[in-house]
Amino acid sequence: MKLYKLFIAVMACSIMTSCSDWLDYTPKDKQTYDQQFGTKAGFHNAVTGVYAKMANSSLYGYNLTYGPLDIMGQLYVIPNSNASNLELKSATWTGEYASSVFSSIWSSAYSTVLNANLVLQAAEEANGTILSAHEYKLIKGEMLGLRAFLHFDLLRLFGPVYTKNPEGLSIPYNDGVEAVKRDRLPANKLVSDYLLPDLNKAEELLA
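Cut-offs used in this document
- Residues numbered from 1 in each chain as written.
- Predicted model: local features only at pLDDT ≥ 70, side-chain atom pairs only at ≥ 80, totals over all residues.
- Heavy atoms only, no water.
- Helix = DSSP H or I, 4+ residues; strand = E, 2+ residues; numbered from the N terminus.
- Buried < 20%, exposed > 50% of the residue type's maximum accessible area, 1.4 Å probe, protein only.
- Contact = heavy atoms within 4.5 Å.
- Areas by Shrake-Rupley, 256 points an atom, 1.4 Å probe, with all protein chains shown as cover.
- Phe/Tyr/Trp six-rings, centres within 6.5 Å; stacked < 30°, edge-to-face > 60°.
- pLDDT = per-residue confidence, 0-100.

Draft legend 1. Structural view of the overall build of the protein. Of regular secondary structure, the protein possesses eight helices and zero strands. Ordering the α and β elements of the protein from the N terminus gives α-α-α-α-α-α-α-α. For the protein, with 207 residues in total, the buried portion stands at 42%. Partitioning the contacts of the protein with sequence separation of at least 6, the portion at a separation of at least 24 is 59%. Taken as a whole, the protein presents about 11500 Å² of accessible surface, with 57% of it coming from carbon and sulfur.

Draft legend 2. Structural view of the packing of aromatic side chains. In the structure shown here, the tally under the stated rule is eight aromatic pairs. Both rings, one in Tyr62 and one in Tyr66, keep their centres 5.1 Å apart while their planes meet at 75°; by these two values the pair is edge-to-face. A residue is classified by how much of its surface remains accessible, and Tyr66, at 49% relative accessible area, is partly exposed. In this structure an aromatic cluster arises from ring pairing among Phe102, Trp106, Tyr110 and Phe158.

Draft legend 3. Highlighting the environment of Ile71. With respect to the helices and strands, the residue Ile71 is situated in helix α4 (residues 68-72). On the basis of relative accessibility, which here comes to 4%, the residue Ile71 falls in the buried class. Along the chain, Ile71 and Lys89 lie 18 residues apart, while their C-alpha atoms are 5.7 Å from each other. Beyond its immediate chain neighbours, meaning those up to four positions away, Ile71 contacts Tyr76, Ile78, Asn85, Leu88 and Lys89.

Draft legend 4. Structural detail: the confidence of the model for the protein. In this model, the protein carries a mean pLDDT of 86, and residues with pLDDT of at least 70 account for 85%. Between the elements of the protein, mean pLDDT differs from a low of 38, seen in helix α1 (residues 2-15), to a high of 98, seen in helix α8 (residues 187-206).

Structural data, given as structure tokens:
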């Protein structure tokens, strides 16, 4: 029942703008930042907003679940009249439609990571004041786990085959709140130095 209620809340926020307006916000306006994270309710809305972005069609609401990835995996029979999905099924993935899909996944995932990082920054500042110790651990643990989860999915889509080329260049790791260009990392360094520590810390906080 709790999972059902959480699902309903997330889907509701993905439909209504009030829960997700802040998500496109870069924290240059101190007043807006303080308003968002000045109360416990603001933190809860922000966390829900991160989940709502993940439920968007550009990520797990379509692209990363039953949509393009399943088409690429040859799970559907695609009619010849559907040129866009045939492009995905062809395993070339260089056409205009495929490029737009991958671009949407990339930008949406890193945008969501950016917002998770913003919640993490705010939680550090509010620990012991606006947030109790328990609330701080819960929020930080969830956001660290989601950040690692999103990076892992980007790694499997855009990185090298890990078992064959673990030292190959993969994707950037973002733990900041500004949309700045970051260097691509070797896959094994990304996993060992950044993603596993995030997951280990999340597990510790959520225990």
